[in-house]
There are 4 protein chains.
Amino acid sequence: TLQHLFKQIFKAGLELQEEDNSKALLVSRKKQKENTIVDLKGEAIGDGQQRLIMGPCAVESYEQVTAVAKAMKARGLKLLRGGAFKPRTSPYDFQGLGLEGLQILQRVAKEQDMVVISEIVSPSDIEMAVEYIDVIQIGARNMQNFELLKAAGSVNKPVLLKRGLSATIEEFIHAAEYIVSKGNSQIMLCERGIRTYEKATRNTLDISAVPILKQETHLPVLVDVTHSTGRRDLLLPTAKAAFAIGADAVMAEVHPDPAVALSDSAQQMDIPTFNTFIDELTASGLYKN
Amino acid sequence: TLQHLFKQIFKAGLELQEEDNSKALLVSRKKQKENTIVDLKGEAIGDGQQRLIMGPCAVESYEQVTAVAKAMKARGLKLLRGGAFKPRTSPYDFQGLGLEGLQILQRVAKEQDMVVISEIVSPSDIEMAVEYIDVIQIGARNMQNFELLKAAGSVNKPVLLKRGLSATIEEFIHAAEYIVSKGNSQIMLCERGIRTYEKATRNTLDISAVPILKQETHLPVLVDVTHSTGRRDLLLPTAKAAFAIGADAVMAEVHPDPAVALSDSAQQMDIPTFNTFIDELTASGLYKN
Amino acid sequence: TLQHLFKQIFKAGLELQEEDNSKALLVSRKKQKENTIVDLKGEAIGDGQQRLIMGPCAVESYEQVTAVAKAMKARGLKLLRGGAFKPRTSPYDFQGLGLEGLQILQRVAKEQDMVVISEIVSPSDIEMAVEYIDVIQIGARNMQNFELLKAAGSVNKPVLLKRGLSATIEEFIHAAEYIVSKGNSQIMLCERGIRTYEKATRNTLDISAVPILKQETHLPVLVDVTHSTGRRDLLLPTAKAAFAIGADAVMAEVHPDPAVALSDSAQQMDIPTFNTFIDELTASGLYKN
Amino acid sequence: TLQHLFKQIFKAGLELQEEDNSKALLVSRKKQKENTIVDLKGEAIGDGQQRLIMGPCAVESYEQVTAVAKAMKARGLKLLRGGAFKPRTSPYDFQGLGLEGLQILQRVAKEQDMVVISEIVSPSDIEMAVEYIDVIQIGARNMQNFELLKAAGSVNKPVLLKRGLSATIEEFIHAAEYIVSKGNSQIMLCERGIRTYEKATRNTLDISAVPILKQETHLPVLVDVTHSTGRRDLLLPTAKAAFAIGADAVMAEVHPDPAVALSDSAQQMDIPTFNTFIDELTASGLYKN
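Parameters and conventions
- Residues numbered from 1 in each chain as written.
- Chains lettered and ligands numbered in written order.
- Predicted model: local features only at pLDDT ≥ 70, side-chain atom pairs only at ≥ 80, totals over all residues.
- Heavy atoms only, no water.
- Helix = DSSP H or I, 4+ residues; strand = E, 2+ residues; numbered from the N terminus.
- Buried < 20%, exposed > 50% of the residue type's maximum accessible area, 1.4 Å probe, protein only.
- Contact = heavy atoms within 4.5 Å.
- Pairing = 2+ DSSP bridges.
- Axes fitted to C-alpha atoms, helices over the stretch in contact; angles between N-to-C directions.
- Expected span 1.5 Å × (residues − 1).
- Phe/Tyr/Trp six-rings, centres within 6.5 Å; stacked < 30°, edge-to-face > 60°.
- Lys NZ or Arg CZ within 6 Å of the ring centre and 35° of its normal.
- Buried area = accessible area lost by both parts, 1.4 Å probe.
- Salt bridge = Lys/Arg side-chain N within 4 Å of Asp/Glu carboxyl O.
- Core = buried A, V, L, I, M, F, W, Y, C linked by side-chain atoms within 4.5 Å.
- Domains from an automatic or database assignment.
- Left-handed = near helix turned anticlockwise from the far one by under 90°.
- Least-squares fit on C-alpha atoms with pLDDT ≥ 70 in both.
- Right-handed = clockwise from strand over helix to strand, strands pointing away.
- Nonpolar A, V, L, I, M, F, W, Y, C, P; charged D, E, K, R; others polar.
- Polar contact = N/O pair within 3.5 Å; in protein donor to acceptor, adjacent residues only side chain to side chain.

### Quick look at the overall build of chain A
And then number 1: Looking only at helices and strands, one finds ten helices and ten strands in chain A.
And then number 2: By its C-alpha atoms, chain A is 75 × 40 × 40 Å across when sized along the principal axes.
And then number 3: Within chain A, the proportion of its 289 residues that are buried is 63%.
And then number 4: Sequence separation of at least 24 residues holds for 69% of the intrachain contacts in chain A that already meet a minimum separation of 6.

### A word on the sheet that holds strand E10 (residues 249–253) of chain D
Residues and elements named next belong to chain D.
And then number 1: Reading around the circumference, E3-E4-E5-E6-E7-E8-E9-E10 is the order of the eight strands in this closed barrel, with parallel pairing throughout. With strand direction ignored, the average angle separating the axes of adjacent strands in the sheet is 25 degrees.
And then number 2: In the sheet, strand E9 (residues 221–224) pairs with E10 via three bridges, with the strands oriented parallel. Directly across from Asp-224, in E10, lies its bridge partner Met-251.
And then number 3: Sheet strands touched by helix H7 (residues 209–216): strand E8 (187–191) and E9. Its angle to E9, the strand with the most contacts, is close to 160 degrees.

### Brief notes about helix H2 (residues 62–74) of chain A
Residues and elements named next belong to chain A.
And then number 1: For H2, built from 13 residues, the straight-helix expectation of 18 Å at 1.5 Å per residue is met to within 8% by its first-to-last C-alpha distance of 18 Å.
And then number 2: Those residues of H2 lying buried are Gln-64, Val-65, Thr-66, Val-68, Ala-69, Ala-71 and Met-72.
And then number 3: Looking at the buried positions of H2, the neighbouring elements they touch are strand E3 (51–55), strand E4 (79–81), helix H3 (99–112) and helix H10 (271–283).

### Here we look at the sheet that holds strand E10 (residues 249–253) of chain C
Residue and element names in this part refer to chain C.
And then number 1: Within the closed barrel, the eight strands sit side by side as E3-E4-E5-E6-E7-E8-E9-E10. Their pairing is parallel. Strand-to-strand twist across the sheet, computed as the mean angle between neighbouring axes with direction ignored, equals 25 degrees.
And then number 2: Where strand E7 (residues 159–162) and strand E8 (residues 187–191) come together, four bridges link them in parallel fashion. Each bridged residue has a counterpart across the sheet, and for Leu-160 the counterpart in E8 is Met-188.

### Details of the packing of aromatic side chains
And then number 1: Evaluation of the coordinates by the stated rule reveals eight aromatic pairs over all chains.
And then number 2: Each ring, one from Phe-146 of chain D and one from Tyr-178 of chain D, has its centre 4.4 Å from the other, and the planes form 20 degrees; the classification is stacked. With Phe-146 of chain D in helix H5 (residues 146–153) and Tyr-178 of chain D in helix H6 (residues 169–180), this pair connects stretches of sequence that are 32 residues apart. As far as the burial class goes, Phe-146 of chain D and Tyr-178 of chain D line up, both buried.
And then number 3: Of note, Arg-107 of chain B hangs over the ring of Tyr-62 of chain B, and the distance from its end group to the ring centre comes to 3.6 Å.

### Describing the interface of chain A and chain B
And then number 1: Taken together, the contact pairs 32 residues of chain A with 32 residues of chain B.
And then number 2: Taken over both partners, the interface formed by chain A and chain B buries close to 2300 Å², and the fraction arising from carbon and sulfur atoms is 65%.
And then number 3: Among the residues of chain A in contact with chain B, Tyr-197, Glu-198 and Ile-212 of chain A are the three that bury the most area, contributing 22% of the side total.
And then number 4: Here chain A and chain B share two salt bridges between them.

### What to know about the pattern of salt bridges
And then number 1: Taken as a whole, this structure holds 60 salt bridges over all chains when the rule is applied.
And then number 2: Arg-88 of chain C is the partner of Asp-93 of chain C in a salt bridge, and the nearest nitrogen-oxygen pair spans 3.9 Å.
And then number 3: The exposure class of Arg-88 of chain C is buried, given its relative accessible area of 17%.
And then number 4: Shared partners join several salt bridges into a network, and the residues in it are Arg-163, Glu-191 and Asp-206 of chain A together with Glu-198 of chain B.

### Focus on the nonpolar core
And then number 1: Formed by 160 residues in total, the largest nonpolar core has its most connected members in Met-54 and Leu-161 of chain A together with Met-54 and Leu-161 of chain B.
And then number 2: In this structure, Val-155 and Leu-236 of chain C together with Ala-209 and Phe-243 of chain D belong to the second largest nonpolar core, which totals 157 residues.

### Focus on the domain arrangement of chain A
Residue and element names in this part refer to chain A.
And then number 1: Per the domain assignment, the segments of chain A are domain 1 (1–32) and domain 2 (34–283).
And then number 2: Summarising the inter-unit geometry, the C-alpha centres of domain 1 and domain 2 are found 35 Å apart.
And then number 3: Facing the seven residues of domain 1 at the interface are 15 residues of domain 2.
And then number 4: Taken together, the two surfaces of domain 1 and domain 2 that pack against each other cover about 1000 Å², and 52% of this comes from carbon and sulfur.

### Comments concerning H7 of chain D
And then number 1: Among the eight residues that make up H7 of chain D, six are buried, leaving the element largely enclosed by the rest of the structure.
And then number 2: Three or more residues of H7 of chain D are buried, namely Ala-209, Val-210, Pro-211, Ile-212, Leu-213 and Lys-214 of chain D.
And then number 3: Of the surrounding secondary structure, the elements contacted by the buried residues of H7 of chain D are helix H9 (235–245) of chain C together with H6, E8, E9 and helix H9 (235–245) of chain D.

### Concerning the packing of helix H2 (residues 62–74) of chain C against helix H3 (residues 99–112) of chain C
If you want to describe how two helices pack, look at the angle between their axes and the distance between the axes.
All names here are of chain C.
And then number 1: As a packed pair, H2 and H3 sit with axes 10 Å apart at the nearest point and diverge in direction by 35 degrees. Between H2 and H3 lies a crossing whose hand is right-handed. Here Tyr-62, Val-65, Thr-66, Ala-69, Lys-70 and Lys-73 of H2 lie close against H3, whose contacting residues are Ile-104, Leu-105, Arg-107, Val-108, Glu-111 and Gln-112.

### Quick word on the side chain of Asp-248 of chain C
Residues and elements named next belong to chain C.
And then number 1: By secondary structure assignment, the location of Asp-248 is in the loop between H9 and E10.
And then number 2: In this structure Asp-248 comes out as buried when scored by relative accessible area, which is 4%.
And then number 3: Excluding anything up to four places from it in sequence, Asp-248 contacts Ile-45, Gly-46, Gln-49, Gln-50, Arg-51, Lys-214, Pro-220, Val-221 and Phe-243.

### Considering the relation of the copies chain A and chain B
And then number 1: Expressed as a screw transformation, the operator carrying chain A onto chain B has a rotation angle of 180 degrees and an axial translation of 0.0 Å, and the superposed copies differ by an RMSD of 0.0 Å. Here the two chains are linked by the operation of a two-fold rotation axis. Judged by C-alpha distance, Ala-241 of chain A is the residue of chain A that lies nearest the rotation axis, at 2.1 Å.
And then number 2: The fraction of interface residues of chain A whose copies in chain B are also interface residues reaches 100%, indicating that both copies meet through the same surface.

### Examining the pairing of E8 of chain C
Residue and element names in this part refer to chain C.
And then number 1: Counting buried positions along E8 yields five of five residues, so the element is predominantly enclosed.
And then number 2: By the alternation rule, side chains of E8 split into Ile-187, Leu-189 and Glu-191 and Met-188 and Cys-190, which are all buried.
And then number 3: Of the crossover connections in this fold, the one passing from E7 over helix H6 (residues 169–180) to the parallel E8 is right-handed.
And then number 4: Here three bridges tie E8 to strand E9 (residues 221–224), and the two strands are oriented parallel to one another. Note that in E9 the partner of Cys-190 across the bridge is Leu-222.
And then number 5: Once the chain exits E8 it traverses helix H7 (residues 209–216) before rejoining the sheet at E9, and the crossover so formed is right-handed.

### Topic: the packing of helix H9 (residues 235–245) of chain A against H10 of chain A
Residue and element names in this part refer to chain A.
And then number 1: Across the interface, H9 lies against H10 with an axial gap of 10 Å and an inter-helix angle of 40 degrees. In this structure, the crossing between H9 and H10 has a hand that is right-handed. On H10, the residues touching Leu-235, Leu-236, Ala-239, Lys-240 and Phe-243 of H9 are Phe-277, Glu-280 and Leu-281.
And then number 2: Of the residues belonging to the contact of H9 with H10, the class tally is six nonpolar, no polar and two charged.

### Examining the side chain of Gln-268 of chain C
Residues and elements named next belong to chain C.
And then number 1: On the secondary structure map, Gln-268 appears in the loop between E10 and helix H10 (271–283).
And then number 2: A polar atom in the side chain of Gln-268 sits 3.1 Å from the backbone nitrogen of Cys-57.
And then number 3: In this structure the side chain of Gln-268 is engaged in a polar contact, spanning 3.0 Å, whose partner is the backbone oxygen of Ser-263.

### Structural notes on unusual backbone geometry
And then number 1: Of note, the phi angle at Lys-41 of chain A is positive, near 45 degrees, even though the residue is not glycine.
And then number 2: Among the secondary structure elements, Lys-41 of chain A is positioned in the loop between strand E1 (38–40) and strand E2 (43–45).

### Regarding the environment of Ala-244 of chain A
And then number 1: With respect to the helices and strands, Ala-244 of chain A occurs in helix H9.
And then number 2: Note on Ala-244 of chain A: relative accessible area 10%, which makes it buried.
And then number 3: Along the sequence, Ala-244 of chain A and Gly-98 of chain A sit 146 residues apart, while their C-alpha atoms lie 36 Å from each other.
And then number 4: In this view, Ala-244 of chain A contacts Leu-286 of chain A together with Lys-240, Ala-241, Ala-244 and Leu-286 of chain B; residues no more than four positions away in its chain are not counted.

Written as structure tokens, this is what we have:
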């Protein structure tokens, strides 16, 4: 019948359109078949091996960062995260140490031979930041801060891009495209939970986003288990799920004394918990180091 | 200071209240420390071993169900699902074969030595249904159909309770409590995705719900990978994540010829795909049979 | 170009399909151009005049219902709501007086010349209920309890159908179609808030649903300001918005002594507040009685 | 009993805490009882009179903006919006005319005696922008771009702050606090729809946010009916609802020829539709000019 014919044409047209759109993107798997591997001073992300990125929520002092870095080093970990510029809901909450925080990270990185990752929140800070850190993180609240994305796309430094609080996967992919379109293709995508009605967890970890992002793009995909769950008791099980579903790396927060942390005290691991976390993750067979 | 003191008392009060509430529930881990193990004619759910529950979305014919059952049997699987009463958005969509569907399931179960699970949608059908099936499924749309929950609580038959489309974990646990409060404690909880803004998947699989439900209750926890994702290409990765995070069983839909299925044709596996699914799940080490 | 042609055909096909679907529905505006007016013993809903449906959340006693009915009568209102069967999250919360509640409603209706509306939760209670009440309410949790919808479609009594907790407008319209398809076309649709991430209100009042439902269907559309907001301070402003956008009626809860109410105590109006509510709504010019 | 006592103390503690928090904010109604009235070159926002802010989505040419400005002027409207910097999901979509767009707005403002409002997306552009425009708009995607908020707080120019795509009301209020804390208290808050599962509208207009924001803060509250609904057929009914519930102003998009618009073509009004919109809004009695 005519209607049936129309529906067939309709479907063909739909697929044609969709294909068109994703073909155009530089981050698309259609543009580049093989995985992008981001090299972080010798630690590869996206090469099929599981990695862990850990560290305190916020840089608070040289001593605090050193304590975490040493605990990590003892377990063979090199990828250290720590916030110097903290985007906080209230202007009266601790906003981070700023430049001083970056300097602390740099000093610890040199002393302990770590690779440091830190969030930058202002386009005008990007150029300064590349002097101090190894990976520029763009946080969830800034995923569609397009000026920041363009600035990060204009330097030669790996970028860790977090999914927005309620960004669709399509918007997330296009945010990465903003960076690549400016010339920087060393990007890691990080699922960190989305905002839903469910309040048992801080956000809802959208675990299915991992295989979708791996399919649609050629970029490495990470899971931040701390911000997606907001619960210390869920870090280990969600880390296992993340590796089982194909994540290239897992991020989690570690603090020498979470009870006195200046931010996110309820969800950071202390050092003994961190050691147990590594032990159990290794025992599960899902993580090899 | 006085304010500090107040805040301490406030926290204590809060914890006291919360403890009160969850202490009261029969399904709570506080009420029963050890896991409930549901025995399905010899197949245990909740004993620490991973199980698979598979079958067609809807029962369409004796031949169709037999084809799936035989494929399952060949891989050592006994837990067969199939819908006879289908809750559909439109009254003009296929509503299931009803009683005839249950009779087909029963016949196939006898011939192929399977355990059958089927959704019941009306309180008045529960007593009839226990003659034909081994497990009563209560679907997402009926999670707060309290009359149906009470009816299922009044018979001596295991119940597979699915999380509502946008139910909180707390509401889900209380729905199970409705069943237990009527005397039936053989309950399995099934996470099947929640409704969010993200449309890349049919629903958003709330993988964190699995460890939370295992912690809060003593009941077995399942993950329905078909309805949570609505995408055939995500069944295998999400099944791996489900087992890695501690699910007792995974549900997925299999149809001998999905292209002509009367419902959910886009998300059911055909039999070769099913075999590959079992192979790869086994190869991952996350599922042992 | 060929691609452009394809896109044109694609759009035509899309529109054709959409038109098909909505043409098929009996509740569709395409099927019936003029508004359905539901006659509630002389009070019309859907005739262009604004109506108010008020009463206690739950029927607690003859005295309680009488007190509210008298207050309503004094302001010229006849449409009295009150719950006898209460669907509650926990099995241990007050579940309503059941049949006794319906009897109280019937007695008060006779004595005070009111029209009574009450929720029915079990298909098997529908026939019994029509003896006692004037309008069958189907609640949010049961919007896709298709057996209940079919039972309500089989009697000759107006039905007030509430939108599900997280139902799409399309699912809501199809739920109404279940009722009409069984022969009962006296249906009122009630927007009552949807579940979102925002917790400042109990639910998020989807005010745009009102003009969409009026456009897509020929049925009267109501707004329940109590359940959508869950806040007494928002009842008046949201009632104004509801009438301004074209709602045929507004529902709100009134209790002689909300502090001791057995359910929803935080959101019901007491009688002086109710009188102020009517005064201010009338003064706004948006409501005429 | 002890438990009861604890619960009372708990409640008192809870209220104390909440009061503390909102007392601290400069935007809070507790800090300033009377309404803030923002003066836009003689047009007051927040003085109890309803205002309309209209104009094209994006500035495309001098002729286009002039056509809209003349149509507005003919109806007594002076508040002209138009985007020069457009935050777009894809880097390959039209990004706005930038500085040239601001220059066009300034020229039209002078010639037609209009007040111009335009979005700024980069902290480093704020100082430049105040030379050209009368109101700095901060868009939904930048609601938690704290560097941008701080920059806008450091100039002496009114700010129109839009609610984030999925911002809570609390986060929205705190975003305004970022601006005020830097010294600029001329702020207007704009509800523009939130992201939910419902896709019948582009976003879900959270109409209840209006009275909540008016209660919690002393700032004027606007409703953007174009971006909240994304549907031309809903602009008029939602504008009525917005004024009925107490919004100080309504924003909507007008374009001389929406079919060829470079962005948002499906939701802008053409000039005859704009005239009908004004006529019907006036006829409703909810808007007086």
